[in-house]
Amino acid sequence: MNKIEKMVKELCPDGIEWKKLGEVCKSINTGLNPRNNFILNTHDANCYYLTVKEITSGKIQFTDKTDKISIDAVNIIQQRSKLEIDDLLLSGIGTIGKVAVVDINTDNWNCSESVYLIKPIQNIVYTKFLYYVLQSDIMLDLFKNKSVGSTLKGIRKNDLINFTIPIPPLEVQAEIVKILDNFTELQAELQAELQAELQARKKQYEYYRDNLLSFDNILKRGGVVKKLNEVCELVVGGDIPKNKISKQKTVYYNIPIYSNGTDKNMLYGYTDTAKINKSCVSISARGTIGYCHLHKYPFYPIVRLICAIPNENILIADYLKYSLDCINIKGTKTGIPQLTAPMIKRIYIPIPPLEVQEEIVNILDKFEQICNSLTEGLPSEIAARKKQYEYYRDKLLSFDSPCHSEHL
């Protein structure tokens with residue numbers, strides 16, 4: 001028998017009391033829609049208008065994308081919401097079930113109609129205990145089952161106030177909050193440590209790569225310095241007729257089309273003819289300017305990509321990719337920033353003998369593999385810790401329930 005079970009047995013031997021949410025709260029209201037009430041982002045708007053996106057992390061976080069309202073608009077919303085510190089915010093429309101505790105001053109912000117403001121009666125239920133209850137998996141399932149609407153689903157206030165939740169004695173609530181707060185803090189510390197380890201490895205890798213590929217080091221190893229157009233054929237991406245593009249790979253349309261962007265969002269679609277048939281490095285000429293990607297299979301580059309196809313007798317494509325990663329490739333200084341083929345031609349790179357290039361590529365491949373394994377493993381580790389936390393949270397909050405159809 002754990003500590004919580006002992007406390008429950010001593011303090012409420014007949015079982016935990018269950019109450020409707022509306023019975024343990026002073027009020028449950030929402031913010032206001034600006035329609036017919038106020039206007040967003042006016043010249044005198046220096047206060048924040050909180051929506052669901054500001055509480056998706058579990059805390060209140062305003063950003064430069066948060067809409068602004070005037071102090072008069074804040075006061076209009078306040079007449080309805082009665083927003084105070086220690087209230088709970090619950091997303092009730094769209095992304096339903098995100099919860100945050102109001103732990104910051106409320107003078108310069110208020111909420112939209114998509115957010116419920118829940119005021120717990122503190123001598124019945126602690127705010128933080130209710131916070132953990134409302135974000136439990138079972139509660140999220142209940143939100144999902146009771147949501148209404150065709151395109152944008154939401155929870156009706158009448159349904160919300162009738163949800164039945166466990167209300168153990170305050171001493172038990174405090175102990176559960178203490179355990180879950182500690183667990184949350186440990187999870188955050190672990191995540192920070194993993195992120196720091198990843199950043200340290202990346203910096204170490206970049207330092208080692210940049211030194212290994214430095215002009216001085218390459219020249220010492222029998223290298224020469226060449227302009228890119230002296231050792232590469234430069235091909236500028238072009239347009240493809242719409243009737244030659246398929247968003248899905250098919251038997252006939254199986255040649256990937258790439259545009260500018262990072263590895264995960266470069267794929268534009270598929271076509272039936274390749275423009276590049278050799279190993280090369282593409283360079284983003286717009287948007288993510290200077291981003292380089294190694295290609296080893298036939299593909300078609302569209303506008304915003306410039307491809308450097310190395311002379312295989314002089315330069316290995318993998319080595320070229322690592323060399324270009326060391327260079328801060330900049331675009332035009334006026335108008336919309338972009339790269340042009342003439343600018344790419346003037347890039348100088350140090351080129352050692354082919355056997356040295358192969359040696360450097362092998363070293364950096366292994367180093368990059370270590371960094372990639374950390375990068376890929378980090379989300380998995382964080383997800384595993386999150387599941388572990390959710391398991392213990394739900395276990396701590398699982399009490400024998402009464403025979404109600406709408407309970408936690």
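Residues numbered from 1 in each chain as written. Predicted model: local features only at pLDDT ≥ 70, side-chain atom pairs only at ≥ 80, totals over all residues. Heavy atoms only, no water.

Participant: Can you break down the nonpolar core residue by residue, with the values?
Facilitator: If you look at the biggest cluster of nonpolar residues, it comprises 38 residues, and the most contacted ones within it are I118, L130 and L160. Here this core gets six residues from one element, more than from any other, and that element is helix α3 (residues 127-134). Apart from residues no more than four positions distant in its own chain, I118 is found in contact with C25, S27, I28, D87, L88, L90, L130 and L134. Of all hydrophobic cores here, the second largest spans 32 residues; its members include I218, C232, I283 and Y319. (Core = buried A, V, L, I, M, F, W, Y, C linked by side-chain atoms within 4.5 Å. Buried < 20%, exposed > 50% of the residue type's maximum accessible area, 1.4 Å probe, protein only. Helix = DSSP H or I, 4+ residues; strand = E, 2+ residues; numbered from the N terminus. Contact = heavy atoms within 4.5 Å.)

Participant: Quick rundown of the state of the cysteines? Include the residues and the values.
Facilitator: Evaluated as defined, the whole model comprises zero disulfides. The cysteine C25 is free of any disulfide, with C111 supplying the nearest cysteine sulfur at 15 Å. (Disulfide = S-S within 2.5 Å.)

Participant: Give a description of unusual backbone geometry that names residues and reports values.
Facilitator: Not every positive phi belongs to a glycine, and N41 is a case in point at roughly 55 degrees. Looking at where N41 falls in the secondary structure, it is placed in the loop between β2 (25-30) and β3 (47-50). With a phi angle near 90 degrees, R304 is a residue other than glycine that sits in the positive phi range. With respect to the helices and strands, R304 occurs in the loop between β16 (300-301) and β17 (305-310). The exposure class of R304 is partly exposed, given its relative accessible area of 40%.

Participant: I'd love a proper account of the sheet that holds strand β12 (residues 255-258), names of residues and values included.
Facilitator: As summarised here, the arrangement of the three strands in space is β13-β12-β16, forming an open sheet in which the pairing is mixed. Every interior strand has two partners, whereas the edge strands, β13 (267-271) and β16, have only one. Note: β12 against β16, two bridges, orientation parallel. When the sheet's bridge partners are listed, Y258 is paired in β16 with P301. (Pairing = 2+ DSSP bridges.)

Participant: Outline helix α6 (residues 170-212), listing residues and values.
Facilitator: Under the 1.5 Å per step criterion, the end-to-end length of α6 is 62 Å for 43 residues, consistent within 8% with the ideal 63 Å. Taken together, the buried positions of α6 are occupied by V172, Q173, E175, I176, V177, L180, Q187, L198, Y205, R209 and L212. (Expected span 1.5 Å × (residues − 1).)

Participant: Lay out the pattern of salt bridges in plain terms, naming residues and giving numbers.
Facilitator: For the structure shown, the criterion picks out 14 salt bridges. E84 is the partner of K119 in a salt bridge, and the nearest nitrogen-oxygen pair spans 3.2 Å. Placement of K119 in strand β8 (residues 115-120) and of E84 in the loop between α2 (71-81) and β5 (88-91) is noted, with a sequence separation of 35 residues between them. Judged by relative accessible area, which is 6%, K119 ranks as buried. Owing to a relative accessible area of 43%, E84 belongs among the partly exposed residues under this scheme. Note that R209 and D210 form a salt bridge whose closest N and O atoms lie 3.0 Å from each other. Here the residues in one salt-bridge network are E84, D87 and K119, joined through shared partners. (Salt bridge = Lys/Arg side-chain N within 4 Å of Asp/Glu carboxyl O.)

Participant: I'd like a rundown of the environment of P352, residues and numbers included.
Facilitator: Looking at the element boundaries, P352 is found in the loop between β18 (348-351) and α11 (354-396). For the pair P352 and G222, spaced 130 residues apart in the sequence, the C-alpha separation amounts to 5.9 Å. Setting aside residues no more than four positions away along its own chain, P352 makes contact with I218, G223, Y319 and Q357.

Participant: Can you tell me about the confidence of the model for the protein, naming the residues and giving the values?
Facilitator: Mean pLDDT over the protein works out to 89, with 96% of the residues at or above the 70 mark. Mean pLDDT across the secondary structure elements of the protein bottoms out at α11, with 80, and peaks at strand β7 (residues 109-111), with 97. (pLDDT = per-residue confidence, 0-100.)

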